[in-house]
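# Topology and contacts: notes
One-letter residues, chain by chain:
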Amino acid sequence: MAYKFVDNYRERGARKQLVEVLRKRGIADEAVLKAVGKVPRHFFFDETFWNQAYRDIAFPIGDGQTISQPYTVAYQTELLHIKKGDRVLEIGTGSGYQSCILLELGAEVYTIERQRNLYERTIKVLPYMGYKPHFFLGDGSKGLPQYAPYHKIIVTAGAPFVPDLMLKQLTIGGILVIPVGDEKSQKMITVIRSGENDFDKIELDTFRFVPLVGDQAW
Ligand code: SAM
């Protein structure tokens, strides 16, 4: 596959504007905004749609899936409070954009996707762009126990409940961010593991994600 990736003044300018849109919408973490300002989101789009890449919208990426809205990516990332060197598990690699944002923040990223086509695309495109998460193909609704524990877990698809198996894969002090609800709308939930068997749950804003499909999901 031959890639033709160009990142010129037009795309860089559009990216700066996107950062300002996110700031106005309430994203306050400068490190997250800086990461959004660095990752070339248009690389995840067919060239025909590059003019859509820096709008604050979700966009179809094929196989019935979407690249999440930049605001949603920034919102979830902010909730994770990423520190350099954090081991982060992402469930739902999709386009790979969220993985790039986490890598820009200095995380070591483990990312799992259940759809083979998407997995095969990201294992080629991300390293080409210089981003190197650990890629996995499979059902992430059970987490990824073989590499646990993680400082942070982010689920980028809508779950019917918080899977227990994921909670057990957090370090003490670790944070899980997961949208939970029905197929039409989900509440963003953060769970902090405050002790071996203690979990503090906070319910936040409403979003609409594609469903988390799997053994511990829909
Ligand atoms: N993080 C992505 C990005 O940056 O483009 C957006 C992800 S998209 C909204 C949700 C993804 O979750 C889809 O690619 C879908 O195939 C995947 N997914 C759904 N259920 C899954 C599961 N059980 N394990 C792994 N991936 C899953």
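Conventions adopted
Residues numbered from 1 in each chain as written. Predicted model: local features only at pLDDT ≥ 70, side-chain atom pairs only at ≥ 80, totals over all residues. Heavy atoms only, no water. Helix = DSSP H or I, 4+ residues; strand = E, 2+ residues; numbered from the N terminus. Rg over C-alpha atoms; globule rule 2.2 N^0.38 Å. Buried < 20%, exposed > 50% of the residue type's maximum accessible area, 1.4 Å probe, protein only. Core = buried A, V, L, I, M, F, W, Y, C linked by side-chain atoms within 4.5 Å. Contact = heavy atoms within 4.5 Å. Pairing = 2+ DSSP bridges. UniProt positions renumbered as here; feature names shortened; annotations may be inferred. Axes fitted to C-alpha atoms, helices over the stretch in contact; angles between N-to-C directions.

Quick look at the overall build of the protein chain now. Scanning the protein chain from N- to C-terminus turns up 6 helices and 9 strands. At 16 Å, the protein chain has a C-alpha radius of gyration in line with the 17 Å of a compact globule built from 218 residues. Based on the C-alpha atoms only, the size of the protein chain along its principal axes is roughly 50 × 35 × 35 Å. The burial tally for the protein chain puts 50% of its 218 residues in the buried class.

Now for the nonpolar core. Ranked by internal contacts, the top residues of the largest apolar core, which has 46 residues, are Leu22, Ile27, Phe44, Tyr97, Ile101 and Leu102. Listed by contribution, the elements that provide at least two residues to this core are helix H1 (9-25), helix H2 (30-38), strand S1 (59-62), helix H3 (70-80), helix H4 (97-104), helix H5 (116-129) and strand S7 (170-181). Among all residues touching Leu102, those that are not within four sequence positions of it are Thr77, Leu80, Ile82, Val88, Ala107, Val109 and Ile154. By size, the runner-up hydrophobic cluster in this structure holds 22 residues, among which are Leu89, Tyr110, Leu170 and Ile189.

Let's shift gears to the pairing of S1. Pairing between S1 and strand S2 (residues 65-67): 3 bridges, direction antiparallel. From the neighbouring strand, Phe59 faces S2, where its bridge partner is Ile67. Between S1 and S2, which pair antiparallel and follow one another directly, the connecting turn spans 2 residues, one of which, Asp63, has a positive phi of 55 degrees.

Moving on to the UniProt feature "active site" (unreviewed entry) in the protein chain. Within this numbering scheme, the UniProt entry marks Ser68 as carrying the feature "active site" (unreviewed entry). Relative to the helices and strands, Ser68 is located in the loop between S2 and H3. Those residues in contact with Ser68 that sit more than four places away from it in its chain are Arg41, Ile57, Ala58, Val73 and Phe209.

Let us look at the sheet that holds strand S5 (residues 134-137). Paired through their backbone hydrogen bonds, the strands of a sheet run either parallel or antiparallel. Taken in spatial order, the 7 strands make up an open sheet running S5-S4-S3-S6-S7-S8-S9, and their pairing is mixed. Every other strand in the sheet has two partners, leaving S5 and strand S9 (198-207) as the edge strands with one partner each. For this sheet the average axis-to-axis angle between neighbouring strands, irrespective of direction, equals 15 degrees. Relative to S9, strand S8 (residues 186-195) is paired through 8 bridges, and the arrangement is antiparallel. Counted as the bridge partner of Ile192 is Asp200 from S9. Where H4 meets the sheet, its contacts fall on strand S3 (87-91), strand S4 (108-113) and strand S6 (150-155), and the angle it forms with S4 comes to roughly 170 degrees. Set on the sheet, H5 makes contact with S4 and S5; between it and S5 the angle comes to about 165 degrees.

When you line up the elements, Val36 lands in helix H2. We classify Val36 as buried; its relative accessible area is 3%. When the C-alpha atoms of Val36 and Ala148 are compared, they prove to be 27 Å apart, with 112 residues separating the residues in sequence. Not counting the four nearest positions on each side in its chain, Val36 is found in contact with Arg15, Leu18, Val19, Leu22, Tyr97 and Ile101.

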